[in-house]
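Geometric and topological summary
So you can see what is in the structure, the chains are spelled out below.
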Amino acid sequence: MTAGQEAHSAGQGLKAELISAIPSLRAFAVSICGNSDRADDLVQETLVKAWGSLATFAEGTNLTAWLFTILRNIYYSEYRKRRREAPDPDGIIAGRLIAPESQHAHMDFLDFRDAMQKLPLDQREALILVAASGMSYEEAAEICGCAAGTMKSRVNRARNRLSELMASPPAGGSREWSAAEQLTEASRD
């Protein structure tokens, strides 16, 4: 007998063992889930998963025990998943879930970025080091090569100027709207 024929006969034997285990698997599935339709689905999922993982099955070990373990793991994985889900057959709960529009936040960020770019470089650098990076005034002063008091003053001036830039509309003959305001006006039309 050649190696190919031996593999084929071994595969046929494994297939026969899988088929002979189906009634036991079904009985076990019915006992744990209490529903014959769901039990049939569990057995089918078990056989598909087992067939795809036959390479991991160690020859000479208990195939039925391996199949029962797969079935049990599938059942408990789905049970844990269903336990976290809320029943909502009419879609009432889902209808109340609303995600806020993300566009406004993005447009506000663009306005903030534009305002940051209008700050003098020393103030922008101080604000980024202290407020955004979380460094102490002393650490930021050491990086910039200035006194800690100078760093405190730069951060304070930067915060005040940034607040002014973000609160007031841009100066000019005609009003230049912020990106968020333009989006709001466009959605009203």
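Refer to the structure presented above.
As the structure is a computational prediction, the values presented were derived from the model and not from experiment. Chains are numbered independently. Their residues run from 1 in the order of the written sequence. Predicted model: local features are reported for residues with pLDDT of at least 70 only, side-chain atom pairs are reported and counted for 80 or more only, and whole-chain, interface and lining totals are derived from all residues. For the side-chain quantities, the full set of heavy atoms in the structure was used; hydrogens and water were omitted.

Moving on to the overall build of the protein. Assigned secondary structure in the protein consists of nine helices and zero strands. Listing the helices and strands of the protein from first to last along the sequence gives α-α-α-α-α-α-α-α-α. Burial classification: accessible surface area is computed with a 1.4 Å probe over protein chains only, and a residue below 20% of its type maximum counts as buried, one above 50% as exposed, and the rest as partly exposed. Expressed as a percentage of the 189 residues in the protein, the buried residues total 22%. Contacts are assigned to residue pairs with any non-hydrogen atoms lying within 4.5 Å of each other. Sequence-distant contacts in the protein: of pairs separated by 6 or more residues, those separated by 24 or more amount to 55%. Carbon and sulfur atoms make up 54% of the accessible area of the protein, which totals about 13,100 Å². Helix numbers and strand numbers start at the N terminus; a helix is a DSSP run of H or I with at least 4 residues, a strand a run of E with at least 2. In short, Shrake-Rupley with a 1.4 Å probe defines the accessible areas, and a residue's cover is counted only from the protein chains shown.

Another point: the nonpolar core. Here, the term nonpolar core denotes a set of buried Ala, Val, Leu, Ile, Met, Phe, Trp, Tyr and Cys residues that are joined through side-chain atoms within 4.5 Å. Among the nonpolar cores identified, the biggest contains 18 residues, and Leu-25, Ala-29, Leu-42, Leu-63, Trp-66, Leu-67 and Leu-71 are the most heavily contacted of them. Listing elements by their share of this core, those giving two or more residues are helix H1 (3-33), helix H2 (36-52) and helix H3 (63-83). Setting aside residues no more than four positions away along its own chain, Leu-67 makes contact with Leu-18, Ala-21, Leu-25, Thr-46 and Ala-50. Judged by nonpolar contacts, the second largest core, of 15 residues, contains Ala-115, Met-116, Leu-127 and Ala-141.

Before going further, it helps to examine the pattern of salt bridges. Criterion for a salt bridge: a side-chain nitrogen of Lys or Arg within 4 Å of a carboxyl oxygen of Asp or Glu. Going through the model one piece at a time under the given rule, you end up with six salt bridges. A salt bridge links Asp-40 to Arg-26, with the nearest nitrogen and oxygen atoms 2.5 Å apart. Of this pair, Asp-40 sits in helix H2 while Arg-26 sits in helix H1; the two residues are 14 residues apart in sequence, bridging distant segments of the chain. Among the salt bridges present, the one from Arg-38 reaches Glu-45, with a minimum N-O distance of 3.3 Å. Beyond isolated ion pairs, a larger network of salt bridges with shared partners links Arg-38, Asp-41, Glu-45 and Glu-78.

So, on to the packing of helix H6 (residues 121-132) against helix H8 (residues 148-167). Angles here are taken between N-to-C directions and fall from 0 to 180 degrees, while the axes themselves are lines fitted to C-alpha atoms, restricted in helices to the stretch in contact. Put simply, H6 and H8 touch, their axes get as near as 8 Å, and they point 100° apart. With respect to their mutual orientation, H6 and H8 come out roughly perpendicular. For the pair H6 and H8, the contacting residues are Asp-122, Gln-123, Ala-126, Leu-127, Val-130 and Ala-131 in the first and Met-151, Arg-154, Val-155, Arg-157, Ala-158, Arg-159, Arg-161 and Leu-162 in the second. Under the scheme applied here, ten amino acids are nonpolar (Ala, Val, Leu, Ile, Met, Phe, Trp, Tyr, Cys and Pro), four are charged (Asp, Glu, Lys and Arg), and all others, including Gly, are polar. Tallied by class, residues from the contact of H6 with H8 come to eight nonpolar, one polar and five charged. An angle below 35 degrees is treated as roughly parallel, one above 145 as roughly antiparallel, one from 65 to 115 as roughly perpendicular, and anything else as oblique.

Before going further, it helps to examine a nonpolar patch on the surface. There is a patch of nonpolar side chains on the surface, built from Phe-109, Phe-112 and Met-166 and spanning about 280 Å² of accessible area. As for its position among the elements, Met-166 is in helix H8. Owing to a relative accessible area of 39%, Met-166 belongs among the partly exposed residues under this scheme. For patches, a residue must show more than 30% relative accessible area and have no salt bridge; joins then use 9 Å for like charges and 5 Å for nonpolar side chains, namely Val, Leu, Ile, Met, Phe, Trp and Tyr.

Mapped onto the secondary structure, Arg-154 falls in helix H8. A relative accessible area of 16% places Arg-154 in the buried class. Leaving out residues up to four positions away in the same chain, Arg-154 has contacts with Asp-122, Gln-123, Ala-126, Cys-144 and Cys-146.

Turning next to a positive patch on the surface. Charged residues are defined here as Lys and Arg on the positive side and Asp and Glu on the negative side; His and the ends of the chain fall outside this count. Charge positions come from single atoms, namely NZ of Lys, CZ of Arg, CG of Asp or CD of Glu. Where like charges cluster on the molecular surface, the positive patch consists of Arg-80, Lys-81, Arg-83 and Arg-84. Along the chain, Lys-81 falls in helix H3.

Stacked, tilted and edge-to-face are the three classes applied to pairs of Phe, Tyr and Trp rings, where Trp contributes its six-membered ring and a pair requires centres within 6.5 Å; stacked means planes under 30 degrees apart, edge-to-face means over 60, and tilted covers the rest. Under the criterion given, the structure shown has four aromatic pairs. With centroids separated by 5.0 Å and ring planes inclined at 40°, the aromatic side chains of Phe-28 and Phe-68 adopt a geometry described as tilted. Separated by 40 residues along the polypeptide, Phe-28 in helix H1 and Phe-68 in helix H3 bring together distant segments of the chain. Its relative accessible area of 22% is what places Phe-28 among the partly exposed residues. Note on Phe-57 and Trp-66: the rings are 5.0 Å apart at their centroids and 40° apart in plane angle, and the pair reads as tilted. A single burial state applies to Phe-57 and to Trp-66, both of which are buried. Aromatic ring contacts, followed pair by pair, group Tyr-75, Tyr-76 and Tyr-79 into a single cluster.

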